[in-house]
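# Structure at a glance
For reference, the chains in residue letters:
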Amino acid sequence: MATTRQRTKKPSSKRTKGFKVTRLEKGGTGLKMEGDHVMVRISKDSHADIYEIDRLSKQIQALIKTCGRKKKMRNLVDFLAETDKSLQIILRNHLEEAMRKYLG
């Protein structure tokens, strides 16, 4: 009797669209309109948690890429993918809070 291998869904390595965390050189915070996008600049000093969460998320994504093809690491990759999704939600909440601070 032949058995078929069940395909597993690979974790998505795409980042959530709508926001991007970049390091701000100098100049602190600010608000800028670019077409139909609003860019809110935040400093690392005032919102260090946003930068730390983003750095951790990038490290997790790199680890998923490295271990993703190994069968023995399948459970770890699934766990890391769920953790990354949770970090993206937390990051989005922190960014919304920072935007409210500067817009309000």
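Residues numbered from 1 in each chain as written. Predicted model: local features only at pLDDT ≥ 70, side-chain atom pairs only at ≥ 80, totals over all residues. Heavy atoms only, no water.

### Observations concerning the overall build of the protein
Of the regular secondary structure elements, the protein holds two helices and two strands. The linear arrangement of helices and strands in the protein, starting from the amino end, is β-β-α-α. Burial analysis of the protein (104 residues in total) assigns 23% to the buried set. Look at the contacts in the protein between residues 6 or more apart in sequence, and 61% of them connect residues 24 or more apart. (Helix = DSSP H or I, 4+ residues; strand = E, 2+ residues; numbered from the N terminus. Buried < 20%, exposed > 50% of the residue type's maximum accessible area, 1.4 Å probe, protein only. Contact = heavy atoms within 4.5 Å.)

### Side note on the packing of helix H1 (residues 48–67) against helix H2 (residues 74–103)
Across the interface, H1 lies against H2 with an axial gap of 9 Å and an inter-helix angle of 160 degrees. With respect to their mutual orientation, H1 and H2 come out roughly antiparallel. Between H1 and H2 lies a crossing of left-handed hand. Residue-level inspection shows Asp49, Ile50, Ile53, Asp54, Leu56, Ser57, Ile60, Gln61, Leu63, Ile64 and Cys67 of H1 in contact with H2, the latter providing Val77, Leu80, Ala81, Thr83, Asp84, Leu87, Gln88, Ile90, Leu91, His94, Leu95 and Ala98. Taken together, the residues that form the contact of H1 with H2 break down as 15 nonpolar, five polar and three charged. (Axes fitted to C-alpha atoms, helices over the stretch in contact; angles between N-to-C directions. Parallel < 35°, antiparallel > 145°, perpendicular 65-115°, else oblique. Left-handed = near helix turned anticlockwise from the far one by under 90°. Nonpolar A, V, L, I, M, F, W, Y, C, P; charged D, E, K, R; others polar.)

### Observations regarding the confidence of the model for the protein
Summary statistics for the protein give a mean pLDDT of 76 and a share of 66% for residues scoring 70 or more. Confidence, expressed as mean pLDDT per element, reaches its minimum in the protein at strand S1 (residues 30–34) with 67 and its maximum at H1 with 90. (pLDDT = per-residue confidence, 0-100.)

### A short note on H1
Taking 1.5 Å of rise per residue, the 20 residues of H1 would be expected to cover 28 Å, and the 29 Å separating its terminal C-alpha atoms lies within 8% of that figure. Of all the positions in H1, only Ile50, Tyr51, Ile53, Asp54, Ser57, Ile60, Gln61, Ile64 and Cys67 are classed as buried. Contact partners of the buried residues in H1: H2. (Expected span 1.5 Å × (residues − 1).)

### As for the nonpolar core
Ranked by internal contacts, the top residues of the largest apolar core, which has 14 residues, are Ile42, Ile50, Ile60, Ile64, Leu91 and Leu95. Sorting the residues of this core by element identifies H1 and H2 as the ones contributing at least two each. Of all the elements, H2 adds the most residues to this core, at seven residues. (Core = buried A, V, L, I, M, F, W, Y, C linked by side-chain atoms within 4.5 Å.)

### A few points about the pattern of salt bridges
For the structure on display, the rule yields four salt bridges. Note that arginine 55 is salt-bridged to glutamate 52, the shortest N-O span being 2.6 Å. Residue arginine 55 and its partner glutamate 52 are both found in helix H1; the two are separated by three residues, about one turn of the helix. One salt bridge connects lysine 58 with aspartate 54, and the closest N-O pair in it is separated by 3.3 Å. Placement of both lysine 58 and aspartate 54 in helix H1 is noted, with a separation of four residues, approximately one turn of the helix. For lysine 58, a relative accessible area of 43% corresponds to the partly exposed category. With relative accessibility at 4%, the residue aspartate 54 sits in the buried group. (Salt bridge = Lys/Arg side-chain N within 4 Å of Asp/Glu carboxyl O.)

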